[in-house]
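Inside the fold
What follows is each chain in one-letter form.
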Amino acid sequence: MEIVHRKDPDSIRKILTLLRDGRPCVLPCDTIYGLCAIYGKGYESLKELKGRDASKPFIVLATKAQAQHLCKDIPDEIFDRWPCALTAVLNAACGGTIGIRVPDDGFLTEILEALQSPVYSTSVNISGSPSLVSFSEITEKFGTRVELFVKDKEVQGTLASTLIDATSRPFRLLRQGVYDISDIIGRSSTSFQKTDVRL
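Residues numbered from 1 in each chain as written. Predicted model: local features only at pLDDT ≥ 70, side-chain atom pairs only at ≥ 80, totals over all residues. Heavy atoms only, no water.

1. As for the side chain of D30
Tracing the backbone through its elements, the reader meets D30 in the loop between β2 (25-28) and β3 (33-38). In terms of polar contacts, D30 uses its side chain to reach the side chain of R101, at 2.9 Å. Among all residues touching D30, those that are not within four sequence positions of it are C84, A85, R101, P103, D104, D105 and L108. (Helix = DSSP H or I, 4+ residues; strand = E, 2+ residues; numbered from the N terminus. Polar contact = N/O pair within 3.5 Å; in protein donor to acceptor, adjacent residues only side chain to side chain. Contact = heavy atoms within 4.5 Å.)

And the structure:
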């Protein structure tokens, strides 16, 4: 186990080395701490680490350009708000759907651009258990299972991103998180519908 601070000049290099090899690490995201792995290659290691069923996909963090490449189309109401803590389930360019977010964080953006690839991001926990939000608890629980932990604040945040299904209209709220969507509801009541679906 290695702990490096986000502001450490060598942190980006260490993160990129690990991610490019398909190995997961813990990163301070724009919401809460996340278990992250490179898109595609890192899927199996992240699924095994979480003990997660294959039927439940991981959220993907991407730049705007990467999101456009991965998605068949992105509604303007979402694309114009990014970067922010709003995750949208969209139709994927390769078929099926993808849950994707453009994070509002310069550190994550630098990683995504240097990596030249999106990354999977998921809460730090074993599937079905509560999300761990404090860095000390994260390192205690996952210290023997994850090689690299990148620290920012002790508690990066307590709420995950807001999640909506935007594959059709009206949009559906799947999870209320840190991002306020009241402006979307207020501006277009015909294009957004609130539901009780939870993930």
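Once the structure has been displayed, the description carries forward.
2. Observations concerning the environment of R172
Tracing the backbone shows R172 in strand β10 (residues 171-175). Note: C-alpha distance between R172 and D183 (eleven residues apart in sequence) is 15 Å. At a separation of 2.6 Å, a polar atom in the side chain of R172 contacts the side chain of D165.

3. Considerations on unusual backbone geometry
Going from W82 to P83, the amide bond is cis rather than trans, its omega being 0°. Here P83 lies in the loop between α4 (76-79) and β5 (86-91). Geometrically, the link from R169 to P170 is a cis peptide bond, its omega value of 0° lying close to zero. By the secondary structure assignment, P170 is in the loop between β9 (162-165) and β10. Phi is positive for Q116, which is not a glycine, with a value near 55°. Along the chain, Q116 falls in the loop between α5 (106-115) and β7 (119-123).

4. Re the pairing of strand β6 (residues 97-101)
Looking down a regular strand, the side chains alternate between one sheet face and the other. The buried fraction of β6 amounts to four of the five residues, a majority that puts the element mostly inside the structure. Relative to β6, strand β4 (residues 59-61) is paired through two bridges, and the arrangement is parallel. Across the sheet, V60 pairs through a bridge with I100, a residue of β6. The sheet contact formed by β5 and β6 spans four bridges and is antiparallel. Counted as the bridge partner of L90 is I98 from β6. Between β5 and β6, which follow one another and run antiparallel, lie five residues, and G95 among them has a positive phi close to 105°. (Buried < 20%, exposed > 50% of the residue type's maximum accessible area, 1.4 Å probe, protein only. Pairing = 2+ DSSP bridges.)

Function cannot be read off these values alone, since they describe shape.
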